[in-house]
Amino acid sequence: MSQTKPAAYQPIPLPDYQELPVDLMRRNALDFYEEIRRRHTVRDFDTRPVPRDIIESCLLAAGTAPNGANHQPWHFAVIGNPAIKRQIRIAAEEEEQAFYAGRAGEEWLEALAPLGTDSSKPFLEDAPWLICIFGERKSRSADGVLRKNYYVPESVNIATGFLIAALHKAGLAMLTHTPNPMGFLNEICGRPAQDKPYIMLVVGYPSPGATIPAHATEKRRLEDIATFL
Ligand code: IYR
């Protein structure tokens, strides 16, 4: 097989950077904090539909994340079809039943107690969208060459953070869901075995009576999460 030449390095001027006056930087940094701290993980979802184009815009934002060698080693399998959501719920609840019945171990279950979670996952059918996020260990370049990818977990997890922030900005509620193990997602989503499912985002409107665990509002203080050296 003939080896294709690697793309040449071609610098272009930094396209979109906007320097801001320091006061505005300060304002924007605080505004973003105020905005993102209003995001809460929700487990009670309304069945009201959310337009697909909004999800598409959020996925485009996720796709701008920094990543290894710009191979963009992610795939987002987006499920709105009720029959597929049902399949996912059945498979996930089967794993969760084993998890909560003992596979998790005592220490893990103790850590989860203040969240009030259990093996019942109705949100997997109630929410209008499930986004299953896969890391691609290998993928094809624009000209079709199959290549190894680098820093796949880092890249996928950063993109997931972008996606969560974008969904929040769009006014949507979400939940990061990690059925354990979640290999069943490859089959349901039609992804190759070498793709690794990382996380599922459950996306929609919170149900009218939605609650969150009080525990979830406890955030560590800046001095506990950061050191300046
Ligand atoms: N996957 C299980 C358990 C679970 C684990 C962690 I760590 C959480 O922060 C929350 C739940 C479930 O979804 O119930």
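Here, residues in each chain are numbered from 1, in the same order as that chain's written sequence. Local features in this predicted model are restricted to residues whose pLDDT is 70 or higher, and side-chain atom pairs enter the listing and the counts only when it is 80 or higher, whereas totals over whole chains, interfaces and linings include all residues. Side-chain figures throughout are based on the complete set of non-hydrogen atoms in the structure, without hydrogens or water.

Draft legend 1. Representation of the pairing of strand S2 (residues 129-136). Each residue gets one of three labels from its accessible area relative to the maximum for its type: buried under 20%, exposed over 50%, partly exposed in between, using a 1.4 Å probe on protein chains only. Runs of E in the DSSP output that reach at least two residues are strands. Runs of H or I that reach at least four are helices, and both are numbered from the N terminus. Here S2 lies mainly inside the structure; eight of its eight residues are buried. Residues Trp129, Ile131, Ile133 and Gly135 of S2 are buried on one face, and the alternating residues Leu130, Cys132, Phe134 and Glu136, pointing to the opposite face, are buried as well. Following DSSP output, two strands are said to pair if at least two bridges run between them. Bridging between strand S1 (residues 74-79) and S2 involves six bridges; their strand directions are antiparallel. Bridge pairing in S2 links alanine 77 to cysteine 132.

Draft legend 2. Up close: the site of the ligand. The full set of residues close to the ligand is Glu96, Phe99, Tyr100, Trp108, Leu112, Leu115, Thr117, Asp118, Lys121, His177 and Thr178. Between the ligand and histidine 177 there is a distance of 3.2 Å, counted from an oxygen atom to a side-chain nitrogen or oxygen. Reported accessibility uses the Shrake-Rupley method at a 1.4 Å probe radius. Residues are deemed covered only where the shown protein chains occlude them. Alone, the ligand offers 370 Å² of accessible surface; in the complex the protein occludes 73% of this. Sorting the residues of the shell around the ligand by element identifies helix H3 (82-103) and helix H4 (106-112) as the ones contributing at least two each. The element contributing the most residues to the shell around the ligand is H3, with three residues. The nearness test applies per residue and asks whether one of its heavy atoms lies within 4 Å of the molecule or strand. Throughout this description, a polar contact denotes any pair of N or O atoms lying within 3.5 Å of each other; where both atoms belong to protein, one of them has to be capable of donating a hydrogen while the other can accept it, and for residues adjacent in sequence the pair is counted only when both atoms sit in side chains.

Draft legend 3. View of the environment of isoleucine 84. Assignment of secondary structure puts isoleucine 84 in helix H3. Note on isoleucine 84: relative accessible area 27%, which makes it partly exposed. For isoleucine 84 and glutamate 125, which are 41 residues apart along the polypeptide, the C-alpha to C-alpha distance reads 9.0 Å. Whether two residues are in contact is decided by their heavy atoms: any pair within 4.5 Å suffices. The residues touching isoleucine 84, leaving out its near neighbours within four places in the chain, are Ile79 and Ile188.

Draft legend 4. Inspection of the side chain of glutamate 93 at higher detail. If you trace the backbone, glutamate 93 turns up in helix H3. Accessibility expressed as a relative area gives 15% for glutamate 93, which makes it buried. For glutamate 93, the residues in contact, after removing those within four places along its chain, are Ser119, Ser120, Lys121 and Pro122.

Draft legend 5. Spatial organisation of the packing of aromatic side chains. Only Phe, Tyr and Trp rings take part, Trp by its six-membered ring, and two of them pair if their centres are within 6.5 Å. Stacked means planes under 30 degrees apart, edge-to-face means over 60, and tilted covers everything else. One pass over the structure, following the stated rule, counts two aromatic pairs. Judged by centre distance (5.1 Å) and plane angle (80°), the rings of phenylalanine 99 and tyrosine 100 are edge-to-face. Under the relative-accessibility criterion, phenylalanine 99 is labelled buried at 5%. For tyrosine 100, a relative accessible area of 22% puts it in the partly exposed group. Between phenylalanine 99 and tryptophan 108, the ring centres sit 4.8 Å apart and the planes meet at 85°, which makes this aromatic pair edge-to-face. On the accessibility criterion, tryptophan 108 (41% relative accessible area) is partly exposed. Linked through ring pairs, Phe99, Tyr100 and Trp108 together constitute an aromatic cluster. One Lys or Arg, arginine 48, reaches over the ring of tyrosine 205 and ends 3.9 Å from the middle of that ring. By definition, being over a ring means that NZ of Lys or CZ of Arg is both within 6 Å of the ring centre and within 35 degrees of the ring normal. One residue, lysine 196, lies across the ring of tyrosine 198, its end atom 5.3 Å from the ring centre.

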